[in-house]
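Here is what each chain is made of, one letter per residue.
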Amino acid sequence: MEGGGRCGQCGGEASLRCGGCSVVHYCSKNHQRQHWPIHKAQCWPFTLATDPGTGRHLVASRNLQEGQLVVREAPVVLGPTADSFPICLGCHCPITEEGFSRCPRCSWPLCSLDCAAAPLHQAECAVLATDTKGVAVPPGYVKTPRYDVILVLRCLLLQETNPAAWEKVRAMESHAERRRQENEPHTEIAVAYFTKVLDAGWDEETVRHVHGAIITNAINTYGARREALRGLYTTLYLMNHSCCPNVTIRSEPDGTVYARAAVPIKKGQPLLFSYLPPSDPLWRRQGDLTSLYYFRCNCERCIDHTELGTYFSSPLCPQCSGGFLEPYEGGGRPWSCPECGEEQPEEEVARQAEEYVKRIQEESTDMEAALQMLTDAANTFHTNHFVWLTAAQMVLHHLQDSTTPHTLSVRRDLWQRIIGLYQRLEPGATRRKGVSLFNAALVEKEAVEVQMAASEKKVPSKGLEEGLNRAVTMLDASIKILELEPPASTELRWLEAARKVREHMFDLIATTGGVAVGQ
Ligand SMILES: C[S@@+](CC[C@H](N)C(=O)[O-])C[C@H]1O[C@@H](n2cnc3c(N)ncnc32)[C@H](O)[C@@H]1O
């Protein structure tokens, strides 16, 4: 590939580029060969592209297989989410009510006084301590938006601690001007705090940019104890969004992110992950994408009135009950029934569904109530609708230890439907699918055990082999997906559990003399 730059090996002028990633330049083939042992760890399979509608984005530079690693990246800054329960600024562990300490210098919460000296907290502590009245100091053991300023501060400090990373942050999209025009409250609070309260000499424009860059580009991750964190990544920030993504993002407790191809991706296709939970309905996704990221999504799911045939956000038509109210492409117009033409404003469709979800969460207090809510939801929405999904999840929660023939059959049916739904909304090797397959396999395992106990035999009959084999097939599929979890991920507990159950299944199969699939 042609194109000017500096040689990755000698730093001299270079007109060749690595054909794998198109990022690193070389002055000669010889220097490319010499640099390969170092470069191969960073020769990621994508290149940067730009278009007027979606800006900069990453495009596959070669064909990718399902599950293939696209990029592994550590954050340049990691910190609490904007709205957080007390979290230790020295080690990021959640702070319990009993273990609540405060830094003697800046008064921010810590898990113990030892963390006052933690390297992560040093530079910021000196700055936070200039807030002499403690206006932003979290008040106590409550969730508070005051944590918003911490990642902003850590970013601003990159100017001294990591100038190369700071340059990348400066290059990030922030939509700062639009946020300023809209008087976006979190931004205004942060700007006032950094320019009027803290004594560190930051100018308004820089603070606006950093605050906006975090909202636009930060990726949410989890720490070792599942505490919510967010980080900035100097390569991954270039990946655009789709509600029907082809890339999945998983992280380790230190914030290292692994982006993998969820499905096979052809050379030249954009690499896209979902900035939002795919289990959000259309209006929530478009609302958040517009207010936080300033674009309207035109992915295949969002422009399809049926959301890929799922009717995930559509209620049954209240007029004819023969069709579902469907959205208009581009939004802003009433949803309508293709059968009878009945129309309803989007706000009304959203209000009714959100109220229904609230009712399900409040009223599904036991198994019977949850089952009743599920039946009601199926009469009002499609049985792929997100309200139905919420009701189904509540039923599964209440039935998780129930093993009567009826409840086993309900659990089996619900898991199958949920897996089918996820498969359509978020195809490929996603954690959600891996975990759901594991849960579905558990139902098969429990069904086998119940039947064995009932027959008072210690070995499953030939008839039970079917259930065993179904479980093994699902466990194999689940394990294949969960093996893609990063090496230090806390989610590996699912993989461990799935492997254990699989072993147990084979023990049972061995006692029957049956032949299991996958052996
Ligand atoms: C994390 S950045 C992605 C990189 C960005 N395109 C850039 O040029 O810096 C997120 C921003 O990219 C744009 N973007 C991302 N996905 C998009 C999409 N599907 N359609 C339109 N714009 C998109 C929006 O401006 C969004 O605020």
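Scoring rules and cut-offs
Residues numbered from 1 in each chain as written. Predicted model: local features only at pLDDT ≥ 70, side-chain atom pairs only at ≥ 80, totals over all residues. Heavy atoms only, no water. Helix = DSSP H or I, 4+ residues; strand = E, 2+ residues; numbered from the N terminus. Rg over C-alpha atoms; globule rule 2.2 N^0.38 Å. Buried < 20%, exposed > 50% of the residue type's maximum accessible area, 1.4 Å probe, protein only. Areas by Shrake-Rupley, 256 points an atom, 1.4 Å probe, with all protein chains shown as cover. Salt bridge = Lys/Arg side-chain N within 4 Å of Asp/Glu carboxyl O. Contact = heavy atoms within 4.5 Å. Pairing = 2+ DSSP bridges. Core = buried A, V, L, I, M, F, W, Y, C linked by side-chain atoms within 4.5 Å. Domains from an automatic or database assignment. Buried area = accessible area lost by both parts, 1.4 Å probe. Polar contact = N/O pair within 3.5 Å; in protein donor to acceptor, adjacent residues only side chain to side chain. Near = heavy atom within 4 Å. Nonpolar A, V, L, I, M, F, W, Y, C, P; charged D, E, K, R; others polar. Axes fitted to C-alpha atoms, helices over the stretch in contact; angles between N-to-C directions. Parallel < 35°, antiparallel > 145°, perpendicular 65-115°, else oblique. Left-handed = near helix turned anticlockwise from the far one by under 90°. UniProt positions renumbered as here; feature names shortened; annotations may be inferred.

Caption draft 1: Highlighting the overall build of the chain. Regarding its fold elements, the chain presents 17 helices and 17 strands. Taking 2.2 N^0.38 as the reference for a compact globule, 519 residues should give roughly 24 Å; the C-alpha atoms of the chain span a radius of gyration of 26 Å, in line with that estimate. Within the chain, buried positions represent 51% of all 519 residues. Carbon together with sulfur atoms contributes 51% to the accessible area of the chain, which is approximately 24100 Å² in total.

Caption draft 2: Structural detail: the pattern of salt bridges. Scanning all chains against the criterion turns up 25 salt bridges. Across the salt bridge formed by Glu444 and Arg412, the nearest N and O atoms sit 2.8 Å from each other. Taken together, the residues span a long stretch of sequence, with Glu444 in helix H15 (residues 431–454) and Arg412 in helix H14 (residues 405–425) at a distance of 32 residues. In this structure Glu444 comes out as buried when scored by relative accessible area, which is 2%. Overlapping salt bridges, with partners in common, bring together Glu188, Glu204 and Arg208 in one network.

Caption draft 3: Examining the side chain of His209 more closely. Looking at the secondary structure, you find His209 in helix H8 (residues 204–217). Contacts of His209, omitting those with residues within four sequence positions, involve Val169, Arg170, Met172, Ser174 and Ala176.

Caption draft 4: Looking closely at the pairing of strand S13 (residues 247–251). Extensive coverage of S13 is indicated by the burial of four of its five residues. As judged from the five bridges shared by S13 and strand S14 (residues 257–261), these two strands associate in the antiparallel manner. Opposite Arg250, over in S14, you have Tyr258 as the bridge partner.

Caption draft 5: Structural detail: the nonpolar core. Ranked by internal contacts, the top residues of the largest apolar core, which has 73 residues, are Val387, Leu414, Ile418 and Met505. For this core, the elements supplying multiple residues, two or more each, are helix H9 (282–293), helix H11 (346–363), helix H12 (367–380), helix H13 (386–399), H14, H15, helix H16 (462–482) and helix H17 (492–512). Setting aside anything within four residues of it in sequence, one finds Ile418 in contact with Trp388, Leu389, Ala392 and Leu396. The next biggest cluster of nonpolar side chains, apart from the first, holds 65 residues, and it includes Ala165, Leu198, Ile219 and Leu271.

Caption draft 6: View of the domain arrangement of the chain. Partitioning the chain into structural domains gives domain 1 (1–43), domain 2 (46–67 + 233–273), domain 3 (77–232) and domain 4 (335–512). The interface of domain 1 with domain 2 comprises four residues on the first partner and four residues on the second. Interface area for domain 1 against domain 2, summed over the two sides, is near 300 Å², with a carbon-plus-sulfur share of 25%. Counting across the interface, domain 1 meets domain 2 through zero salt bridges. Taken together, domain 1 and domain 2 are joined by one residue pair in polar contact (both at pLDDT 80 or more).

Caption draft 7: Highlighting the site of the ligand. Near the ligand there are 14 residues, and of these Arg56, His175, Asn240, His241 and Tyr293 occur at the shortest range. Within the side chain of His175, a nitrogen or oxygen atom sits 2.8 Å from an oxygen atom of the ligand. Contact distances for the ligand include 2.9 Å between a nitrogen atom and a side-chain N or O atom of Asn240. Residue assignment for the shell around the ligand shows that the elements contributing at least two residues are strand S5 (55–60), H8 and strand S12 (240–241). Of the residues assigned to the shell around the ligand, the class counts are five nonpolar, seven polar and two charged.

Caption draft 8: Quick look at the environment of Lys196. Mapped onto the fold, Lys196 is located in helix H7 (residues 185–197). Taking the C-alpha atoms as reference, Lys196 lies 25 Å from Met172; in sequence the two are 24 residues apart.

Caption draft 9: Representation of the packing of H7 against H8 in the model. Viewed as axis vectors pointing N to C, H7 and H8 meet at an angle of 135°, and their least axial separation amounts to 9 Å. As summarised for this structure, H7 and H8 are arranged oblique, according to the angle between their axes. Considering how the two elements wind past one another, H7 and H8 form a crossing that is right-handed. Listed contacts from H8 to His186, Thr187, Glu188, Ala190, Val191, Phe194 and Thr195 of H7 are Glu204, Val207, Arg208 and His211. Along the lines of polarity and charge, the residues of the contact of H7 with H8 split into four nonpolar, four polar and three charged.

Caption draft 10: Summary view of the UniProt feature "domain: SET" (unreviewed entry) in the chain. Sequence positions flagged by UniProt for "domain: SET" (unreviewed entry) are, in local numbering, residues 44–276. Spanning residues 44–276, this segment combines 28% helix with 21% strand, and its end C-alpha atoms are found 25 Å apart.

Caption draft 11: Summary view of the sheet that holds S14. With antiparallel pairing, three strands are arranged side by side in an open sheet as S6-S14-S13. The open sheet is flanked by strand S6 (69–73) and S13, the only strands paired with a single partner. Each adjacent strand pair in this sheet contributes to an overall mean axis angle of 15°, direction not counted. The pairing of S6 with S14 spans four bridges and is antiparallel. Note that in S14 the partner of Leu69 across the bridge is Arg260.

Caption draft 12: Summary view of the UniProt feature "domain: MYND-type" (unreviewed entry) in the chain. As annotated in UniProt, the feature "domain: MYND-type" (unreviewed entry) corresponds to residues 7–43 in the numbering used here. End C-alpha atoms of residues 7–43 are separated by 15 Å, and the span's content is 30% helix alongside 19% strand.

Caption draft 13: How the structure looks around the side chain of Thr234. Among the secondary structure elements, Thr234 is positioned in the loop between strand S11 (228–232) and S12. Look past the residues within four positions of Thr234 in its chain and what remains in contact with it is Glu73, Val76, Lys168 and Met172.

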